[in-house]
Amino acid sequence: MGGKRIVVLGAGLVGHLLVEDLLAEEGAEVVAADRDQAALDRLPAAPNLTRRQADLSRPGEVRGLLAGAGLAVGAVPGFLGRGVLEAAIAARCPLVDISFSPEDPLTLHPAAVEAGVPVVVDCGVAPGLSNLLAGREVAALERVASVRILVGGLPVQRTWPYEYRFVFSPTDVMEEYTRPCRYREGGEERTVAALTDVEQVEFPGLGTLEAFNTDGLRTLLATLDAPDLREKTLRYPGHAEKMLLLRATGFLSDTPVTAGGTQVAPRKVTEALLGDLLRLGAGEADLTVLRVEVVGLRDGRRRRVTWDLLDRRPPGGPTSMASTTAYPCAAVANLVRTGRWRTPGVHAPEILGRDESLTAAILEGLARRGVHPQRREEALEGPG
C-alpha cells in the first residue's frame, strides 16, 4: 500500500464515519484498527478496506500499524490520544486527530518538527471547526478585541428531567462539568469552576438556550492574541442548575465512599445511571449548535463577525454530533493526504485558519458533506 495507505485508529461512532468518508477518496487504501472486533465488523464492505484488530493502548502496536503509512487519522478516546500522537511522531507518519486528550498536544511540537511530521490535532467541531473559524477571522483583523465560542450537542426532543441526551461519552460530558474552566479577560488568564456564569442566548430556529463556562479553549489560549477569549457550553435552560446540584452534593466526586460495605466513586455510579437514562435512542434525533463570534478592528472600523451552525440529522443514521466531529477531521485529512498541508509540527485548526485558501477548502469539503456554517458581519459603533 505504501504512501497511499490511510490508517484510521478507532472504529467507534466517529471512526466509522471517517472510514466511510476516506474509502471514497480516489486511490485511497484504508486500514481500520480497533480493539473491538464487533466495531470493525460493522464497517462497510469495500475492496480498499482492511480491518485490523489491535490494542491501541500499546504504543508499539500503534507504531507497527503506522509503519510505511501515508496518513494516520486518530479517533480514539481522549485518554489514549497522547499515546497515539507520540506513536505517529515516532513512526514519522502524518496524523490528523480528534482524540481531545487531556494533555497539552502542543508540547509535542518540537518532536514533530524534528521528525519532519505534520500533525493536526483537535479536528472535531469544538475544538476543531470553531478553532478554524476563529483563526480565520482573527487573521483578517488589524486588532482583536474578543473571541467567544458557544457550542452544544442536544436532543431535538426535550424530555424531563435533564432535557439532554448523551451524544458522546458520559465520562467526557461529566468532565466538562467538573474540570476548572480557563479563559482570558482583559488580557489576563483566569480560572473558574465549570457550570458558572450562566446566561441565556437566542438562536434562530432553536429559541432560548443557556450557556455556561466549560474548559474548551485548549490551544486557543496559546495561539490567539485576543484580550478576551471564552468558550461556553450550550444546553436547554435549567440543565446547568441540575448538574450543579449533583456536583454540590457529591454525585460527581471521584473520592470513594462506602456503600453496603463496598467502596465506590460516586461519579462512576452517576455516569452509569445517567448513561442508561440519557442514552440517545434509536428513534431519536440530535442537533449540533455552534456560534463563533469575533470582534475587532478592520480598515479602522469596529466589526463583529459571527459564524452560526445549526446541524440536524434524521434519526436512524449517523448522529449530528458524530457527523460534525468526523467531517471537519475528514476535510483536514484530505488536505494532508494531498500535500496541501505538509508543515512539520503539531498544529491546531486555527493555524490552518490563518490561510484563507485552506479555510475555503475545508469549508467546501464540509459543504459537500452537508455541514453548512453561516457567516454574517456587522459594523459596530464606538471607538476602535
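What counts as what
Residues numbered from 1 in each chain as written. Predicted model: local features only at pLDDT ≥ 70, side-chain atom pairs only at ≥ 80, totals over all residues. Heavy atoms only, no water. Helix = DSSP H or I, 4+ residues; strand = E, 2+ residues; numbered from the N terminus. Buried < 20%, exposed > 50% of the residue type's maximum accessible area, 1.4 Å probe, protein only. Contact = heavy atoms within 4.5 Å. Areas by Shrake-Rupley, 256 points an atom, 1.4 Å probe, with all protein chains shown as cover. Lys, Arg positive; Asp, Glu negative; His and termini not counted. Charge placed at Lys NZ, Arg CZ, Asp CG, Glu CD. 1 Å grid on protein atoms, 1.4 Å probe; cavity = no way out; pocket = protein on both sides within 12 Å on 5 of 7 lines; lining within 4 Å. Points joined across faces, edges and corners; volume = space filled by probe spheres on them. Nonpolar A, V, L, I, M, F, W, Y, C, P; charged D, E, K, R; others polar. Axes fitted to C-alpha atoms, helices over the stretch in contact; angles between N-to-C directions. Left-handed = near helix turned anticlockwise from the far one by under 90°. Phe/Tyr/Trp six-rings, centres within 6.5 Å; stacked < 30°, edge-to-face > 60°. Lys NZ or Arg CZ within 6 Å of the ring centre and 35° of its normal. Polar contact = N/O pair within 3.5 Å; in protein donor to acceptor, adjacent residues only side chain to side chain. Core = buried A, V, L, I, M, F, W, Y, C linked by side-chain atoms within 4.5 Å. Pairing = 2+ DSSP bridges. Salt bridge = Lys/Arg side-chain N within 4 Å of Asp/Glu carboxyl O.

Q: Could you give an account of the overall build of the chain, with specific residues and numbers?
A: Secondary structure summary: the chain contains 13 helices and 18 strands in total. If one aligns the C-alpha atoms of the chain with their principal axes, the spans along those axes are about 65 × 55 × 40 Å. Counting only residues that meet the buried cut, the chain has 54% of its 384 residues in that class. Of all intrachain contacts in the chain linking residues separated by at least 6 positions in sequence, the fraction that spans at least 24 positions is 67%. With the model as given, the accessible surface of the chain reaches about 16,400 Å², and the carbon-plus-sulfur share is 51%. Computing the positive centroid from 44 side-chain charges and the negative centroid from 50, the chain places the two 2 Å apart.

Q: So what's going on with the layout of surface pockets? Which residues, and what values?
A: Of the voids in this model, the second largest pocket is the one considered here, and its volume is about 200 Å³. Every residue lining the second largest pocket is listed: Leu13, Phe166, Val167, Phe168, Pro170, Gly275, Arg279, Leu280, Gly281, Ala282 and Thr319. When grouped by side-chain class, the residues that make up the lining of the second largest pocket number 7 nonpolar, 3 polar and 1 charged.

Q: Explain the packing of helix H6 (residues 129–139) against helix H13 (residues 356–368) residue by residue, including any values.
A: Between two packed helices, both the angle of their axes relative to each other and the distance between the axes serve to describe the pair. The N-to-C vectors of H6 and H13 enclose an angle of 145°; their axes lie 10 Å apart at closest approach. In the crossing of H6 with H13, the sense of the turn from one axis to the other is left-handed. Where H6 approaches H13, its residues Leu129, Leu132, Leu133 and Arg136 are matched on the opposing element by Glu356, Thr359, Ile362, Leu363 and Leu366.

Q: Which residues make up the environment of Leu358, and what values go with them?
A: Position of Leu358 among the secondary structure elements: in helix H13. Leu358 sits in the buried class, given a relative accessible area of 3%. Distance from Leu358 to Val336, taken between C-alpha atoms, is 11 Å for residues 22 residues apart in sequence. Apart from the residues within four sequence positions on either side, Leu358 is in contact with Leu335, Arg340, Trp341 and Leu352.

Q: Describe the packing of aromatic side chains, listing the residues and the values that go with them.
A: Each aromatic ring pair is characterised by the separation of its centres together with the angle its planes make. In total, this model carries 2 aromatic pairs according to the counting rule given. Between Tyr164 and Phe166, the ring centres sit 5.7 Å apart and the planes meet at 85°, which makes this aromatic pair edge-to-face. Across the pair, exposure class does not vary: Tyr164 and Phe166 are buried alike. Across the ring face of Phe100, the terminal group of Arg218 is positioned such that the distance to the ring centre comes to 4.3 Å. Here the guanidinium or amino end of Arg230 rests over the ring plane of Tyr183, the centre of that ring lying 3.7 Å away.

Q: Tell me what's going on with empty space enclosed by the protein, and back it up with residues and numbers.
A: Evaluated as defined, the whole model comprises 2 cavities of 30 Å³ or more. Approximately 60 Å³ is the volume found for the largest cavity. For the largest cavity, the full set of lining residues is Cys123, Gly128, Leu129, Leu132, Pro328, Val332, Pro349 and Ile362. Elements with a contribution of two residues or more to the lining of the largest cavity: H6 and helix H11 (320–337). Here the residues of the lining of the largest cavity sort into 7 nonpolar, 1 polar and no charged. Of the volumes computed, that of the second largest cavity is approximately 40 Å³.

Q: Could you give me a rundown of the environment of Glu137, with the residues and numbers involved?
A: Tracing the chain through its elements places Glu137 in helix H6. For the pair formed by Glu137 and Gly353, sequence separation is 216 residues and the distance between their alpha carbons is 8.2 Å. For Glu137, the residues in contact, after removing those within four places along its chain, are Val294, Val305, Trp307 and Arg375. At a separation of 2.9 Å, a polar atom in the side chain of Glu137 contacts the side chain of Trp307. In terms of polar contacts, Glu137 uses its side chain to reach the side chain of Arg375, at 3.0 Å.

Q: Tell me about the nonpolar core, and name the residues and values.
A: With 95 residues, the main nonpolar core has Leu18, Val73, Val147 and Leu352 as its most contacted residues. Top contributing element to this core by residue count: H11, with 11 residues. With residues near it in sequence (within four places) discarded, Val73 still touches Ile6, Val7, Val8, Leu9, Leu18, Leu22, Leu95, Val96, Cys329 and Ala333. Judged by nonpolar contacts, the second largest core, of 27 residues, contains Ala54, Leu85, Leu108 and Val119.

Q: Could you give an account of the sheet that holds strand E4 (residues 71–74), with specific residues and numbers?
A: Read from one edge to the other, the open sheet built from 7 strands follows the order E3-E2-E1-E4-E5-E6-E17, with strand pairing classed as parallel. Of all the strands in the sheet, the pair left with one neighbour each is strand E3 (49–53) and strand E17 (345–347). Sheet twist, expressed as the mean angle between neighbouring strand axes with direction ignored, is 15°. In the sheet, strand E5 (residues 95–97) pairs with strand E6 (residues 118–120) via 2 bridges, with the strands oriented parallel.

Q: Now, about the pattern of salt bridges: what can you tell me, with residues and values included?
A: Inspection of the entire model under this criterion finds 29 salt bridges. Of the charged contacts in the structure, one is a salt bridge between Asp55 and Arg58, with a shortest N-O distance of 3.4 Å. A salt bridge links Arg218 to Asp122; its shortest N-O distance comes to 2.8 Å. Taken together, the residues span a long stretch of sequence, with Arg218 in the loop between strand E11 (207–213) and helix H8 (220–223) and Asp122 in the loop between E6 and H6 at a distance of 96 residues.

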